[in-house]
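# Close look at the chain arrangement
Spelled out, the chains give:
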Amino acid sequence: MSFDTLSISEAAVEYAPSLGDELLNIEQLKTDLAAAPTPVPLLRQALRDTSAILDERYKKNLNITEIVRGRAWVVDELLRIAWERQDWPDAKDISLVAVGGYGRGELLPHSDIDLLILTRKDRNKKYKEYISTFLTLLWDIGLEIGQSVRSVKQCKQEAIKDITVATALMESRTLVGPPDLHEQMMALTNNKRVWPTKKFLRAKLDEQIQRHNKYHDVDYALEPNIKTSPGGLRDIQTIAWVTRRHFGAVSFQDLVELGFLKQSEEAMINKGQQFLWKLRYGLHFLEGRCEDRLLFDKQRELARLFGYEDDEKSLGVEKLMKQYYRAVANLRELNDVLLQHLDEAILRADEKEKIKPLNNRFQIRNDYIEAVDSKVFERYPFALLEVFVLMAQDPGIEGIRASTIRLLRDNRRLIDDEFRNDIRSVSLFMELLRSPHKMTLHLRRMARYGILGRYLPEFGQITGQMQHDLFHIYTVDAHTLQVVENMRRFLLPAADEQFPIAAQIARKLPKLELLYIAGLYHDIAKGRGGDHSELGKVDAENFCRRHRLSEWDTQLVVWLVDKHLLMSMTAQRKDITDPDVVQEFGGLMGDKLHLDYLFTMTVADICATNPELWNSWRASLMSQLYLNTSRAFRQGLENTVNREARIADKRETARQQLAELGLDSEAIESVWENAAEEYFVRESIANIVWHTEAIANHDGKGPLISIREIDTDSSSEGATQVFIYTENADFLFANSTAAFEKLQLNIYGARIFTSANDYCMDTYTVLETDGKPVGNNPKRLSEITRVLSQHLEGGHKPVALTSLRRSRKSRYFSKPIETSFLNTSDKSYSTLELNCPDQPGILACVGKVFAENQISLQDARITTLGERIEDLFFITDQDGRPITDANIRKNLQDDIKNELEARFSN
């Protein structure tokens, strides 16, 4: 075939008659312009009118390709009219050329209209005034222009220097002017000496790798970029650029005729491109500007626009996004196959062929595995799994050859119930989970090529399943594979610093594959309704039975899936220094081995949910709970000693440490005589020593503010604690927390005690906004002390909070403010739970309400999950008793809601 039979510009012109005068009557417009004193109003109105017509067609869900190309056709005509209004000198030596996406004849509502004003000679001063007038006219009528002025020779020079320029020129077409100028330019810039095919392909592959790495090589980000995310429009364009450069192909149909693409693959590309165009057009339409990010609020608006509706199983927006994820998965898969094929055909074309047989089904050709013939998978269906196992066993295999990837895609239909229960299949999958090399990479490849979702249908159900909240950043399937990858990372030397305890534990687990199975199944039932842990453990048990795991192994995996949220919730919502809490948690663990597995899984899960959730304070809580429970197991999980003995033991140990610091018994007793018994029950020995020494050395002038870093049993984990000792006041808690808000310190815990002489002994655990402790920063420490002192001076009235600026996400995910009360007979306090979006000033607002209602705050557990908080406040009335009166509880809850709603509405 001839690759010159159809050019891009001819495609755009051929499209015009099908639009007719309904979109733009060119002759009538020219007639009107001839009689008009200035062209601007008529051209601007023509652009507005045609844009409105195209928008209406879009809203009616008409053919998106016609809409996108129709807009390009309209702009073509308007540009020609604007160009022809200039009396160009030597018009035979200058032309107007469309480049880039516009050069392809594709134009979204607010995409840049990239133009090249092409001249025959380098020196073009005579055109300067005319070009300026022409461009001013374009801007005046509302066209978003990106332009350059170059001679034919300069185009070659720029193309040599910058592959982006070379790529844009490759997709260019003449709009108006002498065609030979464009032909000369194309001959010079398409010359293979400018960008040899190998060099061009290598540059485009590196460009794509860098772009994908920006998105952590994940197709399923929750707020993707339609254009540049993996599987997006840029991936389609990359294939088109390289094949055009190498084969001269100007359409994907050309590649089908060349035998490079299958007809079904060409249809898949077109279908995917049209869906992404629909989304991108919608984003431009809704925003009124160029916007390619599919942000949460726009997802919901697009879902409504496309007619997706909520039902009992899922939200309309989740249905839209599932279609998006399926589309980009298909495009990413095709991109892999085609670029791998080009790599073999171009970059490796001159390599001496080295073939190493593996068995009668597979061989290695130049470090890539391939099937020995096209019928391998039909004869041996289990080989659909075997190919991944072979790669996991040999780190020297770089990947799968393109022809074999196609065979995998063509034969994955063979995976049915008989396949899943075949002893060879189940043995191979377990062998993969036990493999030493790049196991998660091969699981990801299985997922990308559609093998994993067919072998594990329950995994197929969560493919592209959105997690519509503020703290997950991936879809359920992407999150799940990231959990397994994190588990593998614990085995690497680099994990010793960031995850010291998890790394140490993981390397000693007797059967790592059980951990991986639990990771694969912990969220497998999301999106079905009901408790996903309860539903998921059923799927996990079925998997274990099908894969012939022992009864003990099966029950461990099921238990891990069932309890996968337990450790993080206990660490963040309960007092893990309380022996009763540790005793209860240890009882649920049963033994040290279950604790080890659950700790490792929990850390992997938190980090895969959102890396920002794993900070030094969360690490410290998890480590403390793990170490306290481990210690309890070493002691045989005996019943805790009675309250009096526990207090006596703490006091004696603290007294010894204080004596070593130079404090005598009289000084110690003068501090302790006013402290309540509860203080010695709930505070750690380290804090008792710290507080006592600070109070004993305090000169009594103004509030005492002492700051220290928490020491933990593992490196690089901890937080900053701030101790406040001052006379009690109604708004002390409210003003203290307001000070921390002003300092931009995030509060992760609060312990509130009031002594017999009516002094507050309050300890706050805080982190900087980057999740790290304050550290040894004298300037910052001085600022904290100063701001706190200023706020504490007005303890009898609330200080004004800083103004609230809500983030885009917080406005979109503005969920109700929820409160609940809990009273238990064995506790001397009530528990108030608060769930609401995380915003500055919340704790200060709550403290203000407590003060106004004469409520005493005894303790608090502050938990932040992404941009949502789940705080627990342990409170009493002024007499130190739980709050049992239903009316008081209701009024308190109403006051908190009203105060926070007023705060959020500002």
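None of these values were measured; they are calculated from a predicted model.

Along its length, the protein carries 42 helices and 17 strands. Principal-axis analysis of the C-alpha atoms places the extent of the protein at approximately 105 × 80 × 50 Å. Relative to its 906 residues, the protein shows a buried fraction of 55%. Pairs at least 24 apart in sequence give 71% of the contacts found in the protein among residues at least 6 apart. Here the protein carries 118 positive and 135 negative side-chain charges, and the mean point of each set is 6 Å from the other.

When a protein is soluble and globular, its nonpolar side chains tend to lie buried together. In this structure, Leu79, Tyr102 and Phe134 are the most contacted members of the largest nonpolar core, which totals 103 residues. Here Leu79 is in contact with Leu96, Tyr102, Ile113, Leu115, Phe134, Leu138, Leu143 and Leu175, once residues within four sequence places are set aside. Listed in part, the 100 residues of the second largest apolar core include Ile369, Ile505, Trp617 and Leu767.

This brings us to the environment of Asp343. With respect to the helices and strands, Asp343 occurs in helix H15 (residues 316–347). Owing to a relative accessible area of 9%, Asp343 belongs among the buried residues under this scheme. Each C-alpha atom of the pair Asp343 and Lys198 lies 8.9 Å from the other, and the pair is 145 residues apart in sequence. Apart from residues lying up to four places away in sequence, Asp343 is in contact with Leu201, Leu205, Arg348 and Tyr368.

Summed over all chains, the structure comprises 64 salt bridges. Across the pair Lys563 and Asp562 runs a salt bridge whose closest N-O atoms are separated by 3.8 Å. Given a relative accessible area of 25%, Lys563 falls into the partly exposed group. One salt bridge in this structure joins Glu669 and Arg655, with 3.0 Å as the shortest N-O distance. Here Glu669, found in helix H35 (residues 665–672), pairs with Arg655, found in helix H34 (residues 643–660); they are 14 residues apart in sequence, far enough to count as distant. Exposure remark for Glu669: the relative accessible area of 29% places this residue in the partly exposed category.

This part covers the sheet that holds strand E2 (residues 113–119). Taken in spatial order, the four strands make up an open sheet running E3-E2-E1-E4, and their pairing is mixed. The open sheet has two edge strands, strand E3 (145–151) and strand E4 (173–176), and neither has a second partner. Strand-to-strand twist in this sheet, taken as the mean axis angle between neighbours without regard to direction, amounts to 35°. Bridge count for E2 against E3 is seven bridges, and the pairing is parallel. Its bridge partner being in E3, Ile117 is matched across the sheet by Val149. On top of the sheet, helix H9 (residues 179–189) reaches strand E1 (94–98), E2 and E4; it is set at about 100° to E2, its chief contact.

On average, residues of the protein score 87 in pLDDT, and 92% of them reach the 70 mark or higher. Ranking the elements of the protein by mean pLDDT puts helix H1 (residues 8–23) last, at 48, and helix H27 (residues 512–521) first, at 97. Within the model, the stretch residues 1–20 combines pLDDT values under 50 with 30 contacts to residues more than four positions away or in other chains.

Below, the discussion takes up helix H10 (residues 197–214). With 18 residues, H10 extends 26 Å from end C-alpha to end C-alpha; this agrees with the ideal 26 Å at 1.5 Å per step. When H10 is considered as a whole, its buried residues turn out to be Thr197, Phe200, Leu201, Lys204, Leu205, Gln208, Arg211 and His212. The buried side chains of H10 occupy one side of the element, clustering within an arc of 130° when seen end-on. The exposed set on the far side of H10, more than 90 degrees from its buried face, consists of Gln210 and Lys214. Packed against the buried residues of H10 are helix H8 (163–170), helix H11 (233–247) and H15. Taken from the residues just after H10, His216 is the one with a positive phi, measuring 55°.

Analysis parameters
- Residues numbered from 1 in each chain as written.
- Predicted model: local features only at pLDDT ≥ 70, side-chain atom pairs only at ≥ 80, totals over all residues.
- Heavy atoms only, no water.
- Helix = DSSP H or I, 4+ residues; strand = E, 2+ residues; numbered from the N terminus.
- Buried < 20%, exposed > 50% of the residue type's maximum accessible area, 1.4 Å probe, protein only.
- Contact = heavy atoms within 4.5 Å.
- Lys, Arg positive; Asp, Glu negative; His and termini not counted.
- Charge placed at Lys NZ, Arg CZ, Asp CG, Glu CD.
- Core = buried A, V, L, I, M, F, W, Y, C linked by side-chain atoms within 4.5 Å.
- Salt bridge = Lys/Arg side-chain N within 4 Å of Asp/Glu carboxyl O.
- Pairing = 2+ DSSP bridges.
- Axes fitted to C-alpha atoms, helices over the stretch in contact; angles between N-to-C directions.
- pLDDT = per-residue confidence, 0-100.
- Expected span 1.5 Å × (residues − 1).
- Arc of directions from axis to C-beta.

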